[in-house]
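# Examination of the molecular architecture
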Amino acid sequence: MTGLVTIIPGLVSAETDIRSLRGFALSPDFRFFPPPPTTLPLHYRIEKGPLPPVTGGTVRSGWYSWEDGILSYDRPFFTGRLGMRVDRRQIRITPGFLRIPFSIGGIRTAGELLFGRMTWDLFNAGWMVLRGCAWRSGVGRVSILVMPGMNGKTSLVHEILSRDPAASLIAEDILVCKPGPDGLEVVPTAPFFDNQGRKPNARLAACANRICTPTAPLIAGEVYYATNSLSADPWRARESLDFALTNGLFFLHDPMVSLEMLVTGSVSAVFERIKTSFAAIGGQILAGQHFNLCGILSQTTRG
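Now for a quick tour of the structure. The structure displayed is predicted, hence computed values, not measured ones.

Relative to strand 3 (residues 42–48), strand 2 (residues 12–16) is paired through five bridges, and the arrangement is parallel. In the strand pairing of strand 3, V12 is matched with L42. Bridge count between strand 3 and strand 8 (residues 90–93): four bridges; the pairing is parallel. Directly across from R45, in strand 8, lies its bridge partner Q90.

Turning to the sheet that holds strand 3, a few remarks are in order. The mixed open sheet is built from eight strands, whose spatial order is 1-2-3-8-7-6-5-4. Every interior strand has two partners, whereas the edge strands, strand 1 (3–8) and strand 4 (59–61), have only one. Here the strands of the sheet are splayed against their neighbours by 20° on average, with no regard to which way each runs. Sheet topology note: the strand 6 (residues 70–75)/strand 7 (residues 82–87) ladder contains five bridges and is antiparallel. Across the sheet, R75 pairs through a bridge with L82, a residue of strand 7. Contacts from helix 2 (residues 110–124) reach strand 1, strand 2, strand 3, strand 5 (64–67), strand 6, strand 7 and strand 8 within the one sheet, and its direction differs from that of strand 3 by about 160°. Packed onto the sheet, helix 5 (residues 255–264) meets strand 4, strand 5, strand 6 and strand 7 and runs at close to 40° relative to strand 5.

Rules and cut-offs
Residues numbered from 1 in each chain as written. Predicted model: local features only at pLDDT ≥ 70, side-chain atom pairs only at ≥ 80, totals over all residues. Heavy atoms only, no water. Pairing = 2+ DSSP bridges. Helix = DSSP H or I, 4+ residues; strand = E, 2+ residues; numbered from the N terminus. Axes fitted to C-alpha atoms, helices over the stretch in contact; angles between N-to-C directions. Contact = heavy atoms within 4.5 Å.

Below is the structure:
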């Protein structure tokens, strides 16, 4: 049954009859956050069903095509036709595509393509989607840490919440933020308590009742960038922009969005906006060594 769901509190909503999408990194379950009272600023309609055939008069890139502002993915497969049609924020996905559990052999999941589309729309609305974590301390200080995958973010936020009983979780792996008049704004995203059986995620599930869900964006007082290194001499990035490809801008890796950028001739403008956005975010670059979470904590927390 179609219903209104919250993807990002206060920012992204959807009308859909789909409960979850494999590979959709913004939310493991569309029912995680309470439904909004009304549609949010970025609102989508996501439905499953058959798609009309793609005509020959299109701009193509592999299995992806563009025609009159409509983007399509159309590919035959043994589970049924794999297809997605994107008409602005109207998304239609074939049942066969919804059955793909993970990306393999060049085939992406429907959730991955939807994630790329939403991060592109968020970018065009001024929001950056980055890989990182965020939390609010017991005294109300909001901190952001941008860090690549498999570098210990989930373990770090679990340690922070364990040390500070009054702290709350804003983001565990996906950050959504933008520079605002009062500082860097950040909104909550759903954590992944069950991430392919990883123990850090299972431990974090004990803090499920400590998810921060404000009605308005929070203002981050501290922004950090870090990587964990196993070498004797820990590596440190030179500038925050170096994190752009490993830690975000997911739409740049999305073939459907890349095709749209080709057709609209927006590549140069997009890269200029990326540089401007990272400069506006600012922040301090840290170094972690041998997954020493206490060492990273000592650099990001003060009492």
